[in-house]
Every structure is written in C-alpha cells, then in structure tokens.
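Coordinate analysis (summary)
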Amino acid sequence: MIEISNIVKKYGNLYAVNNISFKVNEGEIVGFLGPNGAGKSTTMNILTGYLSATSGSAKIGGVDILSNPIEAKRMIGFLPEQPPLYLDMTVKEYLNFVYDLKHCTLNRKKHLAEICEVVKIGDVYNRIIGHLSKGYRQRVGIAQALVGNPKVLIFDEPTVGLDPKQIIEIRNLIRSLGEKHTVILSTHILPEVQAVCDRIVVINKGQLVADAPTSDIGRAVKGTHKYTAKICGDTKTVLKVLNGVDGILRAEPVTEREEGSYEYAIESDASIEVRKPLFYALCDARLPLIGLESAQANLEDVFISIIDDNKKEEN
Amino acid sequence: MYPIYKREMHAYLTSPTGYIFAAVLLAISGVIFSFTTVWMRTTDSSVYFTVMLFMFTVLIPILTMKLFSEERKTRTEQILLTSPVSIFGIVFAKFLAAFTLYAGTFAVSCFINFVSLRKVAEKALNFPQIMGNIVGILLVGGAFIAIGVFMSSLTENQAIAAVTTFGVILAMLLIWLLPSFINSPVVRELIKWFSVIDRFTYFTHGIFSVTATVYFVSIAVIFLFLTMRVYEMRRWN
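Here the structure is a predicted model, which means the values were calculated and not measured. Here the residue numbers are simple positions, counted from 1 along each chain's written sequence. Written order determines the labels here, with chains lettered from A and ligands numbered from 1. Per-residue local features are limited, in this predicted model, to residues with pLDDT of at least 70; the limit for side-chain atom pairs, both in listing and counting, is 80 or more; totals at the level of whole chains, interfaces and linings are taken over all residues. Side-chain calculation: all heavy atoms of the structure are included, whereas hydrogens and water are not.

1. Regarding the overall build of chain B
Using the following cut-off: Helix and strand definitions follow DSSP, with helices as H or I runs of at least four residues and strands as E runs of at least two, each counted in order from the N terminus. In this description the radius of gyration comes from C-alpha coordinates, and the expected globular size is given by 2.2 Å times residues to the power 0.38. In this description, contact between two residues means that some pair of their heavy atoms is separated by no more than 4.5 Å. As used throughout, the charge tally considers Lys and Arg to be positive and Asp and Glu to be negative, leaving His and the chain termini uncounted. Working definition for charges: the position is that of NZ of Lys, CZ of Arg, CG of Asp or CD of Glu.
Helix and strand counts for chain B come out as 11 helices and 0 strands. When the helices and strands of chain B are listed from N to C terminus, the series reads α-α-α-α-α-α-α-α-α-α-α. Taking 2.2 N^0.38 as the reference for a compact globule, 237 residues should give roughly 18 Å; the C-alpha atoms of chain B span a radius of gyration of 19 Å, in line with that estimate. Each of the three principal axes of chain B carries a C-alpha extent, and together these read 60 × 50 × 30 Å. A separation of at least 24 residues holds for 77% of the contacts in chain B among residues at least 6 apart in sequence. Averaging the coordinates of the 17 positive side-chain charges in chain B and doing the same for the 10 negative ones gives two points 2 Å apart.

2. Here's the deal with the interface of chain B and chain A
Put simply, the test is: By definition, the buried area sums, over both parts, the 1.4 Å-probe accessible area that each loses when the two are put together. Should a side-chain nitrogen of Lys or Arg be within 4 Å of a carboxyl oxygen of Asp or Glu, the pair is scored as a salt bridge. Identification of polar contacts relies on pairs of N or O atoms within 3.5 Å, with a donor-acceptor requirement for protein atoms, meaning one able to donate a hydrogen and the other able to accept it, and with residues adjacent in sequence counted only if both atoms are side-chain atoms.
If you look at the interface, chain B gives 25 residues, while chain A gives 30 residues. Here chain B meets chain A over a buried area of about 2600 Å², counting both sides, of which 60% is carbon and sulfur. Ranking the residues of chain B by area buried against chain A places I79(B), P84(B) and R235(B) at the top, with a combined share of 27%. Connecting chain B to chain A are 2 salt bridges. Inspection of the region where chain B meets chain A yields 10 residue pairs in polar contact (both at pLDDT 80 or more).

3. Observations concerning the pattern of salt bridges
All names here are of chain A. Rules: With a 1.4 Å probe rolled over the protein chains alone, any residue whose accessible area is under 20% of its type maximum counts as buried; one over 50% counts as exposed, and the rest are partly exposed.
If you walk through the whole model with that rule in mind, you get 17 salt bridges over all chains. Of the charged contacts in the structure, one is a salt bridge between R171 and E192, with a shortest N-O distance of 3.1 Å. Residue R171 is found in helix α6 (residues 164-177), and its partner E192 is found in helix α7 (residues 190-196); the two are separated by 21 residues along the sequence. A relative accessible area of 18% places R171 in the buried class. With relative accessibility at 1%, the residue E192 sits in the buried group.

4. What to know about empty space enclosed by the protein
How we decide: Cavity: a set of points on a 1 Å grid over the protein atoms alone where a 1.4 Å probe fits but cannot get out. Pocket: an open set with protein on both sides within 12 Å along at least five of seven lines, its lining residues, like those of a cavity, having an atom within 4 Å of a point. Grid points are joined across faces, edges and corners, and a volume is the space filled by probe spheres set on the points.
Enumeration according to the criterion identifies 2 cavities of 30 Å³ or more in this entry. Approximately 50 Å³ is the volume found for the largest cavity. In terms of lining, the largest cavity is formed by I76(A), G77(A), F78(A), P80(A), P84(A), K102(A), Q144(A), Q78(B), I79(B), T82(B) and S83(B). For the lining of the largest cavity, the secondary structure elements donating two or more residues are β6 (76-79) of chain A together with α5 (77-81) of chain B. The biggest single contributor to the lining of the largest cavity is β6(A), with 3 residues.

5. A few points about the packing of helix α3 (residues 46-64) of chain B against helix α8 (residues 158-174) of chain B
Residue and element names in this part refer to chain B. Quick reminder of the rule: For every element, the axis is a line fit to its C-alpha atoms; helices are fit only across the contacting stretch, and the angle between N-to-C directions ranges from 0 to 180 degrees. When describing relative orientation, an angle under 35 degrees is termed roughly parallel and one over 145 degrees roughly antiparallel, while 65 to 115 degrees is termed roughly perpendicular and anything else oblique. In this scheme the handedness of a crossing depends on how the near helix is turned from the far one: anticlockwise by less than a right angle means left-handed, clockwise means right-handed. All amino acids are sorted into three groups, where Ala, Val, Leu, Ile, Met, Phe, Trp, Tyr, Cys and Pro are nonpolar, Asp, Glu, Lys and Arg are charged, and the leftover types, Gly among them, are polar.
Where α3 contacts α8, the axes come no closer than 9 Å and their chain directions differ by 155°. It follows that α3 is roughly antiparallel to α8 by the angle criterion. The crossing of α3 and α8 is right-handed. Each of L53, F54, F56, T57, V58, I60, P61 and T64 in α3 lies in contact with α8, whose residues at this interface are A162, T165, F166, I169, L170, L173 and L174. Here the contact of α3 with α8 is composed, by residue class, of 12 nonpolar, 3 polar and no charged.

6. A look at the packing of aromatic side chains
The way to describe two aromatic rings as a pair is by their centre distance and the angle between their planes. Stated formally: Aromatic pairs are defined between Phe, Tyr and Trp rings, using the six-membered ring for Trp, whenever the two ring centres lie within 6.5 Å; interplanar angles under 30 degrees are classed as stacked, those over 60 as edge-to-face, and all others as tilted. Two conditions define a charge sitting above a ring: the NZ of Lys or the CZ of Arg must be within 6 Å of the ring centre, and it must be within 35 degrees of the ring normal.
This structure, assessed with the given rule, holds 27 aromatic pairs over all chains. Ring plane angle 70° and centroid distance 5.4 Å describe the contact between F279(A) and Y280(A), whose orientation is recorded as edge-to-face. On the basis of relative accessibility, which here comes to 51%, the residue Y280(A) falls in the exposed class. Taken together, the ring pairs in this structure connect F33(B), Y48(B), F49(B), F56(B), F88(B), F92(B), F95(B), F99(B), Y102(B), F106(B), F114(B) and F144(B) into an aromatic cluster. The side chain of R139(A) reaches across the aromatic face of Y136(A), ending 5.4 Å from its centre. Here the basic side chain of R199(B) rests over the ring of Y215(B), its NZ or CZ set 4.7 Å away from the ring centre.

7. Some words on the sheet that holds strand β2 (residues 14-24) of chain A
Residue and element names in this part refer to chain A. Basically, it comes down to this: Two strands pair under a simple rule: DSSP has to find at least two bridges between them.
The strand order β2-β1-β4-β5 describes an open sheet built from 4 strands, whose pairing is antiparallel. Strands at the two margins of the open sheet, each flanked by one partner only, are β2 and β5 (63-64). The sheet contact formed by strand β4 (residues 55-60) and β5 spans 2 bridges and is antiparallel. Considered in β5, the bridge of K59 is made with D64.

8. A short note on α6(A)
Residues and elements named next belong to chain A. For the record, the criterion: A helix's residues, less one, multiplied by 1.5 Å, set its expected span. Working definition: the arc comes from the directions between the helix axis and the C-beta atoms, pointing outward to the latter.
In this model α6 runs 20 Å from its N-terminal to its C-terminal C-alpha over 14 residues, within 8% of the 20 Å that 1.5 Å per residue would give. Among all positions of α6, only Q166, I167, I170, R171, L173, I174 and L177 are buried. With its buried residues spanning 160° around the axis, α6 presents them on a single face. Turned more than 90 degrees from where α6 packs its buried face, P164, K165, I168 and N172 sit exposed. On its buried side, α6 packs onto β3 (29-33), α4 (108-119), α5 (134-146), β7 (152-156), β8 (182-187) and α7.

9. Details of the domain arrangement of chain A
One widely used convention gives an interface's size as the accessible area the parts lose upon coming together. Where we set the bar: For the purposes of this description, domain bounds are those given by an automatic or database domain assignment.
When the domains of chain A are assigned, the result is domain 1 (2-220) and domain 2 (223-296). Using C-alpha coordinates to define each centre, domain 1 of chain A is positioned 42 Å away from domain 2 of chain A.

10. Looking at a nonpolar patch on the surface
Counted only if it meets this: What makes a patch is a set of residues exposed beyond 30% relative accessible area and free of salt bridges, joined within 9 Å when like-charged and within 5 Å when nonpolar (Val, Leu, Ile, Met, Phe, Trp, Tyr). We get accessible surface area from the Shrake-Rupley algorithm with a probe of 1.4 Å; when it comes to residues, only the shown protein chains can shield them.
Nonpolar side chains collect at one region of the surface, where V31(B), F35(B), V38(B), W39(B), M40(B) and V120(B) lie side by side and expose about 650 Å² of accessible area between them. Tallying contributions element by element places helix α2 (residues 16-38) of chain B first for the nonpolar patch, with 3 residues.

See the structure below:
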C-alpha cells in the first residue's frame, strides 16, 4: 500500500533522511520510531507530498506522490505534528471545509456524524476550535484526517501533549482504525508502538536502523531484564548480597528513597529467573525488600541493542 | 479551489481584517471623493481615482498580508498542500478572495459616491469616463493584490509582508515622477512603459486601452506565477 524507496532529503550538506526504504502492506499498523530529530516528520512530510525528496520515490497504492500528487493525496489522511486547524472556525465549519477540500462524495451529514462519533467530538461540534483544549484539538486533527475515508492514515506523533487518559483513548482509537485502514504513526515513545503497532520501523539520524514485527523488536531488548528494587539496609551489604545472586549481571544504588532504604537498578540475564532467589537471598541476610518492579525498556535500550546487533552481523 | 475561496471569504468576514479594510476604504474614498469633486465644483472624478491609487499602498497590504504568511506560521498550509488540490488552485483561490472583497467594497464606495455626486452636481456625469476609471482601478487593484499575495508567500511574518507590499506598490507608483529627472529619452520611455500611473491615465480619460489592460493583467499573472514557484521551491528546499 505504501512503498518508500531510497528516499534522501538533504538540507544543504545535512542529511535529514538518508536512503530510507520500507513497505507497508494493506491493513498494517506500522510504528515509526526514533528519537527527536531522527527524520520521522521529514519522511512523513515527503510521503504526504508536503515536501519533495532530494532523491528516491514514495508511492501510495502504486501511485507516485511526485508525478501524480492529486491522485496519491486522495488516498491519504494526514495528521501533521501540529494539527492544521483554523482556529477561527467552528469544528463543524472546519470539517465541512475539509470535506469539500478533499472532494468527498460520501453522504456529508452521515459521514461527518460518524467521524465525530468515532473521535468523540460531538459535544464540541459547534464550538470555535480556538477555544478548545489541546486534547480536543488533537482529536479534531484526527477527525480531519479521517474525512473521506482514506485508505492510508499517517499520524505524526498523535499523542504528544495529551494527558494519560487521552493517550490511552487515542491509542485505542488508532488500533480500531487499523482494522479498516493502513496506518503509519510516528512516535518516540516505545510502549506506544508496542501497544498499537504490528510492525516497527526504527530510524535514527536519518537512517533506517530496524524494520521488524513488534514482537521481534521486543525480543531485541530482552537480552537482559531490568528491575528497580527498593531495599532497606546498608548499601555495601545489600550490593554484596545482590551480586551473590546467580543471574544478576549488574546492580547499583540509584537514590535514597526513604531513610535507610535505597533504590537499586538491577540488570539480570533474561534466561534466568532472578526474582525468587533475590527475595530469599535478601531474607537470609535480613535485608527487607520493600519494592520490586521491572523497568520498562526505553528507546535508548532498543537503539543500543539494535546497533550492537548490527555491528555483530557486520563482523 | 472553491472550498479555499470560501474559507478565505469566511476568514475575511469573521475576523476584523475584512471590516477594517472595508471601513478604511469607504472612509478614505468618501473623504477624497468629496474634496476632489464636490468641493472643486467638478464632476470629473479622474483626480479622485488617481489619488485612490496612492491609498492602495496602505489598503492592499491590509487585505493580503496574512493570506499565506499566517498559514505558514500556524502550519495550516499543511492541510492545503497535502490535499488533492493543485498549487495553482490554492494561490488563485486566495487571490480571488482578496479581489472579491476589494472589488465588492469598491463597488459600494462608487455607488455611494456617484449617487451623492449626482444629487448635488450641476452638470451631468460623464458615464463613459467613470466606467473607464472603474475598469482601470479594478485592473490596477488586481495587479497590486497579486503583488501582496506574492509578498505574503515569502515570509511567515505578517508585518514584513505588509511593509514589503507597501514598499513595492509605492515604488511602482512613484516611478511616474522619475522621467523629469532623467535626460536620456530611451530610459525615460522605458520608465514610462513600466509606470503604473502613465498606464492608468488612459482609463481616466475614459479610453479602454488594450495595452494597459494587458500590462496590468500581466503583472497579476507574473506575481501569481511567482507565488506558485515559491511554494514549489519550498517543497524542494
């Protein structure tokens, strides 16, 4: 459905995007993951025809965005990083404008009502967009992308600036949209793509670092497990006990949480279950364990492990 | 193209911009019209129209300054440029919206002015001459709006767009004074060829000049074309 081949975007001597290629099949939800400034937005802007690539091509449903932009743009619903909202219009006026702009042929009233239902903006339908909160504006931005029922949806950081409840709602919404549409969404939050996407494309510094199903990317980080433990007692003794547990690779105190108890970052071999031995070892040493949780793998971990893997493959 | 035109008209009529433009134009044109016709005990409105050209230096920027610059600043241009609309459609729709408001307000002011003049005038009005002036001023207005549109596409700062539009329009009008300072007849002719006021003079006499019409339409076309090029180029850079 989406085919990006060898896209390069240069600004002067700087490569914003350097030779990226990937495909997205119909009905897939693909997460576009990378730190800030990795080239996510640039790639999406090229894909939607807002920018032109220095070289390479982008095709939507087999139609080249550069040689046949109007035909290609018809198939795309795009939510840019900053939702393109006219603050002086009401939601109703705005969605009707988008409806006209996209030459939509569906039943106007019914179609717009359906969209409002899906993104839950029915109660602000007659309000001026400039008066809406950030969360509602983001939803109007998503509503705008859905007008005309495009086959491909492209969302650039759709959950940025929302509160946790809204983030969960928007994620669920995108998941449900994925049943009928092909979706690309960009984010720099790892759990977000893990929650929503079938496949993850990772880019860093303009280059493609990984392209794999979500489960594989998860595995890539699962060479080691990370825990945060809160343990009472003197750090030296605690560390001695921790390092004596079979499977723990690394342990270090992070901060003193309450008086007499420290938080420790623990890294263990993923193939060995360390939580039970850890508990008993601390028990035997009469060091109370007052908290233990697994730490979320973050984007840096993914990068480090992926880049390490790549290096190993090269060798 | 039509949805964008409709949106621009909506923006003019729901924000102060459109009303400020209309109010300033009606007020200025009313005052200047009284001074140049009723007070001078004449029905010849050519002076009025020529003075109005100079008022365009202020009026046109009000109309055009935010057309593209604001969309660029608020990033709303992204929805236009990623929708199935051509760049020509976007540029022309915006131009047309500004022109509609301009022509509409001017029509109202002409109606008020000439109906009043007819009430108080001792002589009959010269309608062909008035028509010539109106056609001329619409053409000049179109050309100047296109310049404003172009300036607005160059920056995301409305103030800069307004000031540069003011400067370019003023320069195009004042060029008219230059020939008296220049000895070379060739240069003098060349400047006259470019001068907006020299071209406009035909219309003030009630003459429909094809070359002048082509000149003003060409200016509009060139600047709208340049605006399209700006957008094409920004995509690549």
